[in-house]
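Examining the three-dimensional arrangement
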Amino acid sequence: MSLHAPEFFTELCLPFHDHAVVGNTYYAAPVPGTPLRLRIDFSRTIHADTCGGLRVAVVHPDRGEIDAVALSFVDHGTFHRRDEATNTRPNTKQYGTFDTYHRPGRPPWDGAVTTGLRDAIEQYTAVWFPGAWAASAPKRAAGRTSRSTPAPPVAPTGAARSR
């Protein structure tokens, strides 16, 4: 199932310089020189070819997986706007998930707002990789799913003053 994983992880704006996406999995070394690695996979649901969230894990090269957490799209509001706009109801296959059926030319996770997921990943990695988030990269730029706030109106300059 093509999930367009590199584009999804780019959309998350994770700050780790030393990373790679292999297949549908994101791998990173948040703290250079240490053996712990970060692995993020899409988590499946009980429905075929349907993803319901992300599974974030800390992996040691000799000891294997040390810890993992499941981050559901529903819990982090990833598809809240999309589901509300399409009147998708909770407890249905489509609610808070994505699958292989999508509009041509669009990723299967089209309409995702990744801010909640990104914040959860930041909190999780702060436990296992203290300081890595701040040391890695500058703050994220606005992604295509975020909204811009208009600038406040500027008062006219050079107005004539009466004396």
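Just so you know, these numbers come straight off a predicted model, no measurement behind them. (Residues numbered from 1 in each chain as written. Predicted model: local features only at pLDDT ≥ 70, side-chain atom pairs only at ≥ 80, totals over all residues. Heavy atoms only, no water.)

1. A closer look at the nonpolar core
Heads up, the rule is: Nonpolar core, defined: a set of buried Ala, Val, Leu, Ile, Met, Phe, Trp, Tyr and Cys residues in which side-chain atoms within 4.5 Å join the residues together. Think of it in three bands: with a 1.4 Å probe and only protein chains considered, a residue is buried below 20% of the maximum accessible area for its type, exposed above 50%, and partly exposed in between. Only DSSP runs of H or I with at least four residues qualify as helices, and only runs of E with at least two residues qualify as strands; both kinds are numbered from the N terminus onward. Between two residues, a contact is recorded if the distance between any of their heavy atoms is within 4.5 Å.
The biggest cluster of nonpolar side chains holds 30 residues, and the ones touching the most others in it are Phe8, Ile40, Phe42, Leu54 and Ile121. Elements with a minimum of two residues in this core: helix 1 (5–12), strand 2 (25–28), strand 3 (37–44), strand 4 (50–60), helix 3 (115–128) and helix 4 (132–136). Residues within four places of Phe42 in sequence aside, it is in contact with Leu3, Ala5, Phe8, Phe9, Asn24, Cys51, Gly53, Leu54 and Phe98.

2. Observations concerning the pattern of salt bridges
Note the following rule: Think of a salt bridge as a Lys or Arg side-chain nitrogen and an Asp or Glu carboxyl oxygen that are within 4 Å of each other.
Summed over the entire model, instances satisfying the criterion amount to 3 salt bridges. The salt bridge involving Asp41 is made with Arg39; its shortest N-O contact spans 3.3 Å. Owing to a relative accessible area of 17%, Asp41 belongs among the buried residues under this scheme.

3. Comments concerning the pairing of strand 5 (residues 64–72)
Note the threshold: Only strands joined by at least two bridges in the DSSP assignment are considered to pair.
Sheet topology note: the strand 4/strand 5 ladder contains 8 bridges and is antiparallel. For Leu54, the partnering residue across the bridge sits in strand 5 and is Leu71. The antiparallel hairpin formed by strand 4 and strand 5 contains 3 residues in its connecting segment.

4. Description of the pairing of strand 3
In terms of burial, strand 3 is a largely internal element, 6 of the 8 residues being buried. Relative to strand 4, strand 3 runs antiparallel, the two being bridged by 8 bridges. Following the sheet pairing, Phe42 is matched in strand 4 by Leu54. With antiparallel pairing between neighbouring strands as the criterion, strand 3 and strand 4 make up a hairpin whose turn holds 5 residues, including Asp49 at a positive phi of roughly 55 degrees.

5. A few points about the environment of Ile66
The topology assignment puts Ile66 in strand 5. For Ile66, a relative accessible area of 36% puts it in the partly exposed group. Beyond its immediate sequence surroundings of up to four residues, Ile66 is in contact with Leu36, Val58, His60 and Trp128.

6. Observations regarding the packing of aromatic side chains
What counts is decided by this rule: Only rings of Phe, Tyr and Trp enter the pairing, Trp through its six-membered ring, and a pair is recorded when the two centres are within 6.5 Å. The plane angle decides the type: under 30 degrees is stacked, over 60 is edge-to-face, the rest tilted.
Throughout the structure, instances matching the rule amount to 7 aromatic pairs. Note on Phe8 and Phe9: the rings are 5.7 Å apart at their centroids and 85 degrees apart in plane angle, and the pair reads as edge-to-face. By relative accessible area, which is 0% here, Phe8 ends up buried. Taking the centre distance of 5.3 Å and the plane angle of 40 degrees together, the rings of Phe9 and Tyr26 count as tilted. Placement of the pair is Phe9 in helix 1 and Tyr26 in strand 2, with a sequence separation of 17 residues. Judged by its relative accessible area of 3%, Phe9 is buried. Site record: aromatic cluster; members linked through ring pairs are Phe8, Phe9, Tyr26, Phe42, Phe73 and Phe79.

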